[in-house]
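Listed below, chain by chain, are the residues.
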Amino acid sequence: MAAVVAVENLNPKVLKCEYAVRGEIVIHAQRLQQQLQTQPGSLPFDEILYCNIGNPQSLGQQPVTFFREVLALCDHPCLLEKEETKSLFSADAISRAKKILASIPGRATGAYSHSQGIKGLRDAIAAGIASRDGFPANADDIFLTDGASPGVHMMMQLLIRNEKDGILVPIPQYPLYSASIALHGGALVPYYLDESTGWGLEISDLKKQLEDARSKGIDVRALVVINPGNPTGQVLAEDNQRDIVKFCKNEGLVLLADEVYQENIYVDNKKFNSFKKIARSVGYGEEDLPLVSFQSVSKGYYGECGKRGGYMEITGFSAPVREQIYKIASVNLCSNITGQILASLVMNPPKAGDESYASYKAERDGILQSLARRAKALEDAFNNLEGFTCNKAEGAMYLFPQIHLPPKAIEAAKAAKKAPDAFYALRLLESTGIVVVPGSGFGQVPGTWHIRCTILPQEDKIPAVITRFKAFHEAFMAEYRD
Amino acid sequence: MARKPLDYEELNENVKKVQYAVRGELYLRASELQKEGKKIIFTNVGNPHALGQKPLTFPRQVVALCQAPFLLDDPNVGLMFPADAIARAKHYLALAPGGLGAYSDSRGIPGVRKEVAEFIERRDGYPSDPELIYLTDGASKGVMQMLNALIRNERDGILVPVPQYPLYSAAISLFGGSLVPYYLEEEANWGLDFVNIRQSVAEARSRGITVRAMVIINPGNPTGQCLSEANIKELLQFCYQENLALLADEVYQQNIYQDQRPFISARKVLFDMGPPLSREVQLVSFHTVSKGYWGECGQRGGYFEMTNLPPKTVDEIYKVASIALSPNVPGQIFMGVMVNPPKPGDISYPKFVTESKAILESLRRRARMMTDGFNSCRNVVCNFTEGAMYSFPQIRLPPRAIEAAKRAGKAPDVFYCLKLLEATGISTVPGSGFGQKEGGVPPEDDHPSCGGRLPGHHV
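Cut-offs and rules
- Residues numbered from 1 in each chain as written.
- Chains lettered and ligands numbered in written order.
- Predicted model: local features only at pLDDT ≥ 70, side-chain atom pairs only at ≥ 80, totals over all residues.
- Heavy atoms only, no water.
- Helix = DSSP H or I, 4+ residues; strand = E, 2+ residues; numbered from the N terminus.
- Rg over C-alpha atoms; globule rule 2.2 N^0.38 Å.
- Buried < 20%, exposed > 50% of the residue type's maximum accessible area, 1.4 Å probe, protein only.
- Contact = heavy atoms within 4.5 Å.
- Areas by Shrake-Rupley, 256 points an atom, 1.4 Å probe, with all protein chains shown as cover.
- Lys, Arg positive; Asp, Glu negative; His and termini not counted.
- Charge placed at Lys NZ, Arg CZ, Asp CG, Glu CD.
- Phe/Tyr/Trp six-rings, centres within 6.5 Å; stacked < 30°, edge-to-face > 60°.
- Salt bridge = Lys/Arg side-chain N within 4 Å of Asp/Glu carboxyl O.
- Polar contact = N/O pair within 3.5 Å; in protein donor to acceptor, adjacent residues only side chain to side chain.
- Expected span 1.5 Å × (residues − 1).
- Arc of directions from axis to C-beta.
- Core = buried A, V, L, I, M, F, W, Y, C linked by side-chain atoms within 4.5 Å.
- Pairing = 2+ DSSP bridges.
- Right-handed = clockwise from strand over helix to strand, strands pointing away.
- Axes fitted to C-alpha atoms, helices over the stretch in contact; angles between N-to-C directions.

Trainee: Tell me about the overall build of chain B, and please be specific about residues and values.
Mentor: When helices and strands are counted, chain B shows 19 helices and 13 strands. Taken over C-alpha atoms, the radius of gyration comes to 23 Å for chain B, in line with the 23 Å a tight globule of 459 residues would show. Based on the C-alpha atoms only, the size of chain B along its principal axes is roughly 70 × 65 × 50 Å. Taking all 459 residues of chain B together, the buried fraction comes to 64%. Of all intrachain contacts in chain B linking residues separated by at least 6 positions in sequence, the fraction that spans at least 24 positions is 71%. Carbon and sulfur atoms provide 53% of the accessible area of chain B, an area that totals close to 16,800 Å². With 50 positive and 49 negative side-chain charges, chain B shows a spacing of 3 Å between the two charge centroids.

Trainee: Kindly report on the overall build of chain A, identifying the contributing residues and their values.
Mentor: Of regular secondary structure, chain A possesses 17 helices and 14 strands. Against the 2.2 N^0.38 benchmark of 23 Å for 482 residues, chain A shows a C-alpha radius of gyration of 23 Å, consistent with a compact globule. Seen along its three principal axes, the alpha-carbon backbone of chain A occupies a region of about 70 × 65 × 60 Å. For chain A, with 482 residues in total, the buried portion stands at 63%.

Trainee: Account for the packing of aromatic side chains, with residues named and values stated.
Mentor: Under the definition given, this model contains 31 aromatic pairs over all chains. Measuring from ring centre to ring centre gives 6.1 Å for Phe-388 of chain A and Phe-469 of chain A, while their planes differ by 85 degrees; the resulting arrangement is edge-to-face. Highlighted residues: Phe-388 of chain A in strand S9 (residues 388–389) and Phe-469 of chain A in helix H17 (residues 462–480), separated in sequence by 81 residues. Here Phe-388 of chain A matches Phe-469 of chain A in class, with each residue buried. A ring pair is formed by Tyr-252 of chain B and Tyr-390 of chain B, whose centres lie 5.7 Å apart and whose planes are at 85 degrees; its orientation type is edge-to-face.

Trainee: So what's going on with the interface of chain B and chain A? Which residues, and what values?
Mentor: Contacts between the two partners involve 90 residues from chain B and, on the opposite side, 89 residues from chain A. Taken together, the links from chain B to chain A amount to one salt bridge. With a shortest N-O distance of 3.1 Å, Asp-146 of chain A and Lys-141 of chain B are connected by a salt bridge. Along the contact surface separating chain B from chain A lie 29 residue pairs in polar contact (both at pLDDT 80 or more). Among the elements that take part in the side of chain B that touches chain A, helix H14 (residues 311–323) of chain B stands out by supplying eight residues, more than any other.

Trainee: Requested: an account of helix H11 (residues 229–242) of chain B, with residues and values cited.
Mentor: Residues and elements named next belong to chain B. A rise of 1.5 Å per residue sets the reference length of H11, with its 14 residues, at 20 Å; its end C-alpha atoms lie 20 Å apart and thus fit the reference within 8%. Within H11, the full set of buried residues consists of Ile-232, Leu-235, Leu-236, Phe-238 and Cys-239. Along the long axis of H11, the arc covered by the buried residues comes to 160 degrees, so they all point the same way. Elements that come into contact with the buried residues of H11 comprise strand S3 (156–162), helix H10 (194–206), strand S5 (210–217), strand S6 (245–249), helix H12 (266–273) and helix H13 (277–280). Downstream of H11 by a residue or two, Asn-243 has a phi angle that is positive, lying close to 60 degrees.

Trainee: So, the nonpolar core: which residues are in play, and what are the values?
Mentor: Core analysis: the biggest nonpolar cluster contains 298 residues, and Leu-223 of chain A together with Met-214 of chain B have the highest contact counts within it. Sequence-distant contacts of Leu-223 of chain A, that is, excluding residues within four places in its chain, are made with Leu-168, Tyr-191, Leu-206, Ile-244, Phe-247, Cys-248, Leu-253, Val-254, Leu-255 and Leu-256 of chain A. Core analysis: the next-biggest nonpolar cluster, separate from the first, contains nine residues, Phe-374, Cys-377, Val-380 and Ala-401 of chain B among them.

Trainee: Quick rundown of the pattern of salt bridges? Include the residues and the values.
Mentor: Going through the model one piece at a time under the given rule, you end up with 49 salt bridges over all chains. In this structure, Arg-107 of chain B and Glu-131 of chain B form a salt bridge, with 3.7 Å as the shortest nitrogen-oxygen distance. Placement of Arg-107 of chain B in the loop between helix H6 (83–95) and helix H7 (110–124) and of Glu-131 of chain B in the loop between H7 and strand S2 (133–136) is noted, with a sequence separation of 24 residues between them. Where Arg-205 of chain B meets Glu-242 of chain B, a salt bridge forms, and the shortest distance between an N and an O atom there is 2.5 Å. Here the residue Arg-205 of chain B occupies a position in helix H10, and Glu-242 of chain B occupies one in helix H11, the gap between them amounting to 37 residues. The structure contains a network of salt bridges with shared partners spanning Arg-161, Asp-165, Asp-219 and Arg-221 of chain A.

Trainee: Describe the pairing of S3 of chain B, naming the residues involved and giving the relevant values.
Mentor: Residue and element names in this part refer to chain B. Most of S3 is tucked away, with seven of its seven residues classed as buried. Covered by surrounding structure in S3 are Asp-156, Ile-158, Val-160 and Val-162 together with Gly-157, Leu-159 and Pro-161, the residues of both alternating faces. Of the strand pairs in this sheet, S3 and S5 are connected by four bridges, and their pairing is parallel. Residue pairing across strands places Asp-156 opposite Thr-210, the latter belonging to S5. Examined bridge by bridge, S3 and strand S4 (residues 178–183) share six bridges and lie parallel to one another. If you follow Leu-159 over to S4, its bridge partner there is Val-180. Regarding the hand of the β-α-β motif, the stretch spanning S3, helix H9 (residues 167–174) and S4 is right-handed.

Trainee: Tell me about the side chain of Asn-11 of chain A, and please be specific about residues and values.
Mentor: By secondary structure assignment, the location of Asn-11 of chain A is in the segment before helix H1 (12–16). Looking at Asn-11 of chain A, its side chain comes within polar contact range of the main-chain oxygen of Asn-148 of chain B, at 2.8 Å.

Trainee: Outline the sheet that holds strand S7 (residues 291–296) of chain A, supporting the account with residue identities and numerical values.
Mentor: All names here are of chain A. With mixed pairing, the seven strands of this open sheet are ordered in space as S2-S8-S7-S6-S5-S3-S4. Here the strands that pair on one side only, and so sit at the sheet edges, are strand S2 (142–145) and strand S4 (187–192). Across this sheet, the average inter-strand angle for adjacent strands is 20 degrees, counted without regard to direction. Sheet analysis places strand S3 (residues 165–171) next to S4, joined by six bridges and oriented parallel. Bridging from a neighbouring strand, Pro-170 pairs with Tyr-191 of S4.

Trainee: Break down the environment of Gly-134 of chain A for me, citing the residues and quoting the values.
Mentor: You can see Gly-134 of chain A is positioned in the loop between helix H6 (119–133) and S2. Taking relative accessible area as the criterion, Gly-134 of chain A reaches 59% and is therefore assigned exposed.

Trainee: With reference to specific residues and values, describe the environment of Ser-440 of chain A.
Mentor: Residues and elements named next belong to chain A. Positionally, Ser-440 belongs in the loop between strand S13 (437–438) and strand S14 (451–454). Ser-440 sits in the partly exposed class, given a relative accessible area of 42%. Spatially, the C-alpha atoms of Ser-440 and His-450 are 7.4 Å apart, while their sequence positions differ by 10 residues. Aside from chain neighbours lying at most four places away, what touches Ser-440 is Ala-419 and Asp-421.

Trainee: Requested: an account of the pairing of strand S5 (residues 219–226) of chain A, with residues and values cited.
Mentor: All names here are of chain A. Within S5, seven of the eight residues are buried, which leaves the element mostly enclosed by the surrounding structure. In terms of strand pairing, S3 meets S5 through four bridges, oriented parallel. The partner of Ile-167 across the bridge, within S5, is Ala-222.

Set out below in structure tokens:
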């Protein structure tokens, strides 16, 4: 009896999609990790170092104390009635928790909320957006989601009707976009970021790709921009952003602005500008540009990946369309409440004058400055490796060096039936325990090879990581050099 | 300028086709009235804490400690939290490197999945493999993942009970598949009618539909009926003969209000039946922390367990799960505590038992009250709520009411529910939201304090 649910008869869109961040190499790493547990000493390294995924707290980054205080009090509100609580929690965490609980109907943190998220929390987020941008934001435009990713899926679902609907996506990109487009049966229309100019975005290339796609009968519906970039780390210049906004308006595209790394900026000559702020500042109102802006609690200095908190801010959409978005959100009832609370804290952290401000600021600055130092240390280390060229990480959490491999290595990769970067990454893993993601997982100019490595191992581990990597690389090149 | 991509006309048709009445027209009208200051009782969705049910103390203590591990370092923590909550928090923090703030394994924390497997083994008497248990942000996400994997095109059909929880119809719409209905028999206490089921399948096949899976909701939503062991055996035989996968939504397994038909899992019955069925029938079972006596809807904690799925299929399901990175970690901890609650001898055990019993006994009383309340209304017939959280009475409206509804451009049950809402503030869901036989007009309601008001309005 043929099994119903066999690979041959699964949804082909499921079969087609890929997600390298937790793909083949990571699965192999997990097997090696188990081997280290059952047979210690059987491998040339003591531990697996996961540099494949932007998961800061798994590598020792500490959560922001104020945020956890508020969350714990909201999880177990009985604490607010106990005398001892005053000596264990800061006064402003207590008052924030009380304020949040008062905004939740029945103070019931265990209840399904409004499908867009708790109104009081959305008000706080809207206020935070307005304060960040200098332009007003509306709580009704905000949809709280289990991380930013479900919001991206919702928009792809809405926009993609069939395989002729295209979405412009940067190459290299965070592979949620390619996976989501594949899952929803659409067409990915690539536009290439320019490695030689620090991963610059050229409007002329955007226009060329758009026209190319249209000439092939693709109805291009939206433009994805990731700013700061993942895996590329570049922070867009303001005039670049203005050009993008005008391009979308002129071409009738929805702008999908992935801004989850907005708090991760490591260079003094660049700052984060939200696309909403840019659009409003060039005089574009709601009627001019449909824009969806995504934010998350997983990145920044808070790194709360496991909470699955995030939101999308939707502007420039008609009421009937907003109803459809609401409807889709309602099928899942609501996002998790802890994540919602955290999103409101991230967009409204302690301010100067608050009791917790000094310690909050110290934690925040400490983490961001450390990330900046690690980004530089690893960038320099990669640039010192033979055949490696690495652009600066202006922001985000990753380095994406290009690896120029000798012909013999490329041959060996072919013989092993692997892409050269996957071959390199596998050898790196097996020699050092360091897990990176091959560039093919993100897209790259054909014929070029890259790896994506996070900057997240704790600072005191970085020298050892560099040493091990260097030793491996020198041995690899010695093996395959002409 | 031509049509814009996000103009209504340019949206994905599958999205436009979706209906989810639980938070649809009635709910939106109720929310409007609430904003205007009217007191509204929301009985449209199984959301116990929103209606005053208190969370169980122990899991909240555990999660609060995991959320703020600095508390564990404080010498006074023993004054604020019982020792077993402290120990359990440390247990979960040890299982989750990086604590609550790190993405876990995309399938969920291995140690928690092991606790789920152990729970299943205790419940059913058969071993369960943690590798085949995936934690999800609520059971709904798991249902969506499985349906997405199953539905290739509009010719793929899924057998769904009518009435059903409209997640199934919504998901099938979204994924572009075909819903193949099978009608539960209201006169037989919402029982299964295999003649009808076979007819539905034959009819669908004659239209070129490939029926791929069957959904059962046990205990039923909105109907509340509990399936007997014989029922489930027959279902499994049917799936085996017809080559269907079985999707067993068992989220209400803790909500049983009668003693004749205790909960028995589809998996247990499958294994009791032995080979060849026990090795062949493909089964996916769903559970959650949102229902039962826990009611922790807002945490979004759930799991699905796969039985007899080929490894390559499991790999594909893993791949899709990995795109979402991981289910939320606090929800996973709630799941761990739910399947592995305080035991006799634990400090928190007496309080945990008292709290749980109180909730379940109250639900049982309310199930009786609501059924009796509805049955005392003229022209209302209501089956007893054997399980779950809902009453699904049938209301036989007089012809004049049906006329009035038509003039107002509304289905009769929507018309009735809107009138009920305006008069009493009770927000329900019209039966059309769940599917019903033509001509029946049952609304859904789950709160006891309005049992008294309902008959008054009805007259």
